[in-house]
Amino acid sequence: MDTGLLILRLLVGLLVAGHGVQKISSHLGGRGLAGGTEEFRADGFRGGALTALAAGGGQIGSGLLLAAGALTPLAATGVVGVMTVALTVKRPHGLWVQNDGYEYPLVLIGAATALAATGPGAWSVDAALGLTPYPLWWAGLAFAAGLGSGLLTRLVLHRPAPAAPRTAASGGH
């Protein structure tokens, strides 16, 4: 079981961290901070470079913590939070990733929540520090706090799309 948890933590954590690196730098195929800022603006978010830095930093930090199995419930909360924001951006496209849907963020949310529920395993920083096992309710708290923070971020930072101008053909005057 510990080998499986290690593989899952490394896969999910390093992918989330790598995604954050792409948001703020030209490493791993990223377009630098300017590209991350442009991406958030194109998705309708306020804040420019600060939003990109916060999102990228959150992804890097939570991903690396998750990969190391360090403060696993907190790491899972961060992953759930940033991936909830991503899910809200992708939701209009439907579930499937081939249509730019939210399938991938949903899988990462599920994996991070599962790691919060199972714990990071014996080969983790948490185990080395004697912090495990975490009570199961931590998984629920991590999921709820991550979901809430992601939805709050969306609410506070996302600009609604401008209303389409009404024309005579659409019933406007």
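An account of the accompanying structure is given in this report. (Residues numbered from 1 in each chain as written. Predicted model: local features only at pLDDT ≥ 70, side-chain atom pairs only at ≥ 80, totals over all residues. Heavy atoms only, no water.)

**Some thoughts on the overall build of the protein**
- The secondary structure content of the protein amounts to seven helices and zero strands.
- Starting at the N terminus and walking to the C terminus, you meet the elements of the protein as α-α-α-α-α-α-α.
- Its C-alpha atoms give the protein principal-axis dimensions of about 70 × 35 × 30 Å.
- Across the 173 residues that make up the protein, the buried fraction comes to 38%.
- Across the protein, the fraction of contacts at a sequence separation of at least 24, relative to all contacts at a separation of at least 6, is 64%. (Helix = DSSP H or I, 4+ residues; strand = E, 2+ residues; numbered from the N terminus. Buried < 20%, exposed > 50% of the residue type's maximum accessible area, 1.4 Å probe, protein only. Contact = heavy atoms within 4.5 Å.)

**A short note on the packing of aromatic side chains**
- Counted by the stated rule, this structure contains three aromatic pairs.
- Relative to Phe-45, the ring of Phe-40 has its centre 5.8 Å away and its plane inclined at 80°; by these criteria the two rings are edge-to-face.
- By way of ring pairs, the aromatic residues Tyr-134, Trp-137 and Trp-138 are connected into one cluster. (Phe/Tyr/Trp six-rings, centres within 6.5 Å; stacked < 30°, edge-to-face > 60°.)

**Some points on the side chain of Ser-25**
- Take Ser-25: it is sitting in the loop between helix 1 (2-24) and helix 2 (32-42).
- Aside from chain neighbours lying at most four places away, what touches Ser-25 is Gly-30, Arg-31, Gly-32 and Leu-33.

**Considerations on the nonpolar core**
- Counting residues in hydrophobic clusters, the biggest one holds 19 residues, and the most contacted among them are Val-12, Leu-66, Val-79, Met-83 and Ala-112.
- Sorting the residues of this core by element identifies helix 1, helix 4 (72-90), helix 5 (103-118) and helix 7 (137-157) as the ones contributing at least two each.
- Counting residues per element, this core draws most heavily on helix 4, which supplies seven residues.
- Here Leu-66 is in contact with Arg-9, Val-12, Gly-13, Thr-72, Ala-75, Ala-76, Val-79, Ala-112 and Leu-115, once residues within four sequence places are set aside.
- Formed by six residues, the second largest nonpolar core is a distinct cluster that contains Phe-40, Ala-52, Ala-55 and Val-85. (Core = buried A, V, L, I, M, F, W, Y, C linked by side-chain atoms within 4.5 Å.)

**Section: the environment of Thr-84**
- Relative to the helices and strands, Thr-84 resides in helix 4.
- Exposure remark for Thr-84: the relative accessible area of 3% places this residue in the buried category.
- Along the backbone, Thr-84 and Gly-4 are 80 residues apart, and their C-alpha atoms lie at a distance of 25 Å.
- In this structure, Thr-84 is in contact with Ile-109, Gly-146, Leu-147, Gly-150 and Leu-151, ignoring residues within four places of it in sequence.

**Overview of the pattern of salt bridges**
- Under the definition given, this model contains three salt bridges.
- One salt bridge connects Lys-23 with Glu-39, and the closest N-O pair in it is separated by 3.2 Å. Separated by 16 residues along the polypeptide, Lys-23 in helix 1 and Glu-39 in helix 2 bring together distant segments of the chain.
- Residue Lys-23 is classed as buried on the basis of its relative accessible area of 6%.
- Between Arg-31 and Glu-38 there is a salt bridge, with its nearest N and O atoms 3.5 Å apart.
- What makes Glu-38 partly exposed here is its relative accessible area of 47%. (Salt bridge = Lys/Arg side-chain N within 4 Å of Asp/Glu carboxyl O.)

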